[in-house]
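# Inside the fold
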Amino acid sequence: MCTDNWGRSDRNRCWYFIIFAALLFILSFSWHSLKNSQWPPRGMFTCKSVSHSTSDTSYLDQLKEVKLQRMLYEKPETLKPPRTDVLTMTPWLAPIVWNGTYNIDILNEQFHRRGVRIGLTVFAIKKYTVFVKTFLESAEKFFMVGHKVNYYVFTDRASDISNITLNDGRHLVVLDVPSYKRWQEVSMRRMEMIRNFSRERFIYEVDYLVCVDVDMRFSDDVGVEILSNVFGTLHPGFYGASRQSFTYERRTQSEAYIAADEGDFYYAGGYFGGTVEEVYKLTNHCHEAMMADKEKNIEAVWHDESYINKYFLYHKPTKILSPEYLWDNNFGVPAMLKRRRFVAVPKNHAQIRNR
Ligand code: 4GW
Ligand code: MN
């Protein structure tokens, strides 16, 4: 091409042209493949025979193994389910946690090996600070014993929260927050505050959040069996109820509206949780829905509980806690209830509540 019988300058020009064209080709080729690239490249995980140079590192190489030790326990019986009196699995294959359905030793081993940290959030606004001591003392006895726990107490009366002695690996964090005049708003604003603190703090300090009412006491074990990506709890007043009798928000104008022919369960407002990421999504969604309703001058019939029920209808929980985890002795003690792990502390409504 760049023949000898050309002049020297002609030859140089010819070589420049060839180099320029080659560069152009390389550039356009790499631009095209960048534009269409995906990560991981198609086939990377499906075709095992693809060979990579040994210096290639994949995030797969950094995966930590959670290996259990030899353990002795009774074998699970495929033909003898441990519970036949209650539903133990949702139609979307989320476990419903009842006594007898899990082996806590296996679960503890798994969660210890992951070094899981758990945050327990609770609100004590105005006179509800009176519940904090019993709540924390009972949690020290029964909540996630042996695991790393941070108690996050949101309050407008920090000086009312007395310091109690905590076991190793457990910390009390008192968070100063505003109070609201209307009690409905005190309850509902929990969503906004959990959302904000998840972003600013919880995401750096814990792996899972458990968000509960404070007017309660732990009276039996509540352990890592409750943990999952996002979980809700069956309301003790509605676990056996029909769809029609669920007290969902029924006004179509509300963001919390649920039609009469929809709904799986009636979830309690006072007990939900999951990974910090999932709790962030849940609380953010509920808070935004409440704000949208506020603009429309409407407030759902059961406040935050109505919005949680709407959320869980379309974002199915990955685990559900049975009413063992949220009981009120006013409902008696039905046969299916083998344990009462977390029960309502009776309150003198006239004294405690400021309407
Ligand atoms: C009526 O006067 C009130 S005051 C209803 C709730 C109030 C309230 C609630 C309060 O003054 N301060 C407070 O911190 N809370 C928080 O919201 C507290 O964590 C409580 O457990 C949660 C939900 O309220 P609740 O326990 O009274 O609701 P129920 O009766 O449905 O368990
Ligand atoms: Mn309560």
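Located above this text is the structure these notes cover.
Read on for an overview of the structure.

Basis of the calculations
- Residues numbered from 1 in each chain as written.
- Chains lettered and ligands numbered in written order.
- Predicted model: local features only at pLDDT ≥ 70, side-chain atom pairs only at ≥ 80, totals over all residues.
- Heavy atoms only, no water.
- Near = heavy atom within 4 Å.
- Polar contact = N/O pair within 3.5 Å; in protein donor to acceptor, adjacent residues only side chain to side chain.
- Areas by Shrake-Rupley, 256 points an atom, 1.4 Å probe, with all protein chains shown as cover.
- Helix = DSSP H or I, 4+ residues; strand = E, 2+ residues; numbered from the N terminus.
- Nonpolar A, V, L, I, M, F, W, Y, C, P; charged D, E, K, R; others polar.
- Phe/Tyr/Trp six-rings, centres within 6.5 Å; stacked < 30°, edge-to-face > 60°.
- Buried < 20%, exposed > 50% of the residue type's maximum accessible area, 1.4 Å probe, protein only.
- Lys NZ or Arg CZ within 6 Å of the ring centre and 35° of its normal.
- Core = buried A, V, L, I, M, F, W, Y, C linked by side-chain atoms within 4.5 Å.
- Contact = heavy atoms within 4.5 Å.
- Donors = N, O, S within 2.8 Å, 3.2 Å for Na, K, Ca; no water.
- Patch = residues over 30% accessible without salt bridge, like charges linked within 9 Å, V, L, I, M, F, W, Y side chains within 5 Å.
- Salt bridge = Lys/Arg side-chain N within 4 Å of Asp/Glu carboxyl O.
- Pairing = 2+ DSSP bridges.

### Things to note about the site of ligand 1
Looking at ligand 1, there are 14 residues lining it, with Phe123, Ile125, Tyr128, Asp215 and Arg353 nearest. Residue Asp213 places a side-chain N or O atom 3.1 Å away from an oxygen atom belonging to ligand 1. A distance of 3.2 Å separates an oxygen atom of ligand 1 from a polar atom in the side chain of Lys347. If ligand 1 stood free it would expose 600 Å²; the protein chains cover 84% of that surface. Listed by contribution, the elements that provide at least two residues to the shell around ligand 1 are β2 (117–124) and α4 (183–188). Counted by class, the shell around ligand 1 contains 7 nonpolar, 1 polar and 6 charged residues.

### Points about the packing of aromatic side chains
Two measures describe an aromatic ring pair: the distance that separates the ring centres and the angle between the ring planes. With the rule as written, the count across this model stands at 22 aromatic pairs. Consider the rings of Phe135 and Phe342, whose centres lie 6.3 Å apart with planes at 70°: the pair is edge-to-face. Of the two residues, Phe135 is situated in helix α3 (residues 132–142) and Phe342 in strand β10 (residues 342–344); the sequence distance between them amounts to 207 residues. Phe342 carries the same exposure label as Phe135, and that label is buried. Between Phe246 and Tyr248 the ring centres are 5.3 Å apart and the planes differ by 65°, which places this aromatic pair in the edge-to-face class. The exposure classification of Phe246 matches that of Tyr248, with both residues buried. Members of the aromatic cluster, joined through ring pairs, are Trp92, Phe265, Tyr267, Tyr311 and Phe312. The lysine or arginine in question, Lys316, covers the ring of Trp92, its NZ or CZ lying 5.0 Å from the ring centre.

### Comments concerning the nonpolar core
Ranked by size, the top nonpolar core spans 41 residues in total, and within it Phe154, Phe202, Phe272, Leu282, Cys286 and Tyr307 carry the most contacts. Every element with two or more residues in this core is listed here: β3 (148–155), β4 (170–176), α5 (190–205), β5 (208–212), α6 (276–295) and α7 (304–314). Here this core takes 6 residues from α6, the largest share from any one element. Phe272 has contacts with Met191, Ile194, Leu209, Val210, Cys211, Phe231, Val279, Leu282, Thr283 and Ile308, leaving out every residue within four places of it along the chain.

### Things to note about the coordination of the manganese ion (ligand 2)
Coordination of the manganese ion (ligand 2) by the protein involves Asp213 (OD), Asp215 (OD) and Asp215 (OD), with metal-donor separations of 2.1 to 2.5 Å. Judged by relative accessible area, which is 23%, Asp213 ranks as partly exposed.

### As for unusual backbone geometry
In terms of backbone geometry, most residues other than glycine have negative phi values and most peptide bonds are trans. The backbone of Leu93 sits at a positive phi, close to 65°, despite the residue not being glycine. Turning to its location among the elements, Leu93 is positioned in the loop between α1 (8–35) and β1 (96–97). With a phi angle near 60°, Asn297 is a residue other than glycine that sits in the positive phi range. Relative to the helices and strands, Asn297 is located in the loop between α6 and α7. The class of Asn297 is exposed, set by a relative accessible area of 75%.

### With respect to a nonpolar patch on the surface
Residues Trp15, Ile19 and Leu23 make up a contiguous nonpolar surface patch of roughly 330 Å² in combined accessible area. Along the polypeptide, Leu23 turns up in helix α1.

### Let's talk about the sheet that holds strand β9 (residues 319–321)
Read across the open sheet, the 8 strands follow the order β1-β9-β7-β8-β5-β2-β3-β4; overall the sheet is mixed. The sheet is open, and its two borders are formed by β1 and β4, each paired with just one other strand.

### With respect to the pattern of salt bridges
Applying the stated criterion to the full structure yields 24 salt bridges. Note that Asp304 and Arg190 form a salt bridge whose closest N and O atoms lie 2.8 Å from each other. You can see Asp304 sitting in helix α7 and its partner Arg190 sitting in helix α5, a full 114 residues away along the chain. Across this residue pair, the class does not change: Asp304 and Arg190 are buried.

### Focus: the environment of Ala158
With respect to the helices and strands, the residue Ala158 is situated in the loop between β3 and β4. Overall, Ala158 belongs to the partly exposed group, its relative accessible area being 32%. A sequence separation of 16 residues divides Ala158 from Val174, and the C-alpha atoms of the two residues are 6.7 Å apart. With near-sequence residues (within four places) excluded, Ala158 lies in contact with Val174 and Asp176.

These results come straight from atomic positions and should not be treated as a statement about function.
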